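The chain contents come next:
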Amino acid sequence: MLGQMDCGGWHPLVSIIALLYGDDLDGSVRLFIDVLGFALTEQVVAGPEKLMIGAFLTCSTKPHDVAFIRQPVKGKFHHASFVLDNWGDVLKAADIIAKKNVPLDIGPTRHGITRGETVYFFDPSGNRNEVFSGGYIYYPDKPVLTWTDDELGKAIFYHDRKLNEKFLSVFT
């Protein structure tokens, strides 16, 4: 496949996705849409005023290339994702993570947001990383999918439908 490299038995595409935290979600979304030409694919809204607390944006056919979460502090990194071909590759990566005693965060599991399959792990510096596959093909005429704050468990971890406090509070 184009863009693959050998990574110890699993083969991520050269495609990387990032989830970033910050206090100006609205400004970040405007920059990425109005200046950089991204499209909003999914969002999470909270409260009766439907305040956007999460935004998933793409400049390709992936469900997202970058995501932002509203957080009261500036410039925080949640994780980088390495896109794999399929669920089998995600499971193979999970096997390698276990075999090599890499600190596992969460997974294997599936997201409701983006519909992707995933495993999260930590590198030696304490940064969260993800291997990710699946999702849907984004088309420009696809309506923005909206999740509400009361659906967060299912949106983030589709199978067990529960929020994981460590997942939400650990970032660098």
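All values derive from a computational prediction rather than experimental measurement.

Asker: Please explain the pattern of salt bridges as it appears in this structure.
Answerer: A side chain with one charge can pair with a side chain of the opposite charge if their charged atoms come near. Scanning the model with the defined rule gives six salt bridges in all. The residue Asp-105 makes a salt bridge to Arg-128 at a minimum N-O spacing of 2.6 Å. On the criterion of sequence distance, the pair formed by Asp-105 in strand β6 (residues 104–110) and Arg-128 in strand β8 (residues 128–134) is long-range, its members being 23 residues apart. For Asp-105, a relative accessible area of 13% translates into the label buried. When its relative accessible area of 1% is taken as the criterion, Arg-128 is described as buried.

Asker: Just checking my understanding: could you explain the environment of Ala-93 for this structure?
Answerer: Turning to its location among the elements, Ala-93 is positioned in helix α2 (residues 87–99). For Ala-93, a relative accessible area of 0% gives the class buried.

Asker: Just checking my understanding: could you explain the packing of aromatic side chains for this structure?
Answerer: Applying the stated rule across the entire model yields two aromatic pairs. Note on Phe-32 and Phe-38: the rings are 5.0 Å apart at their centroids and 75 degrees apart in plane angle, and the pair reads as edge-to-face. Just as Phe-32 is buried, Phe-38 falls in that class too. Members of the aromatic cluster, joined through ring pairs, are Phe-32, Phe-38 and Phe-68.

What counts, and where the lines are drawn
- Residues numbered from 1 in each chain as written.
- Predicted model: local features only at pLDDT ≥ 70, side-chain atom pairs only at ≥ 80, totals over all residues.
- Heavy atoms only, no water.
- Salt bridge = Lys/Arg side-chain N within 4 Å of Asp/Glu carboxyl O.
- Helix = DSSP H or I, 4+ residues; strand = E, 2+ residues; numbered from the N terminus.
- Buried < 20%, exposed > 50% of the residue type's maximum accessible area, 1.4 Å probe, protein only.
- Phe/Tyr/Trp six-rings, centres within 6.5 Å; stacked < 30°, edge-to-face > 60°.

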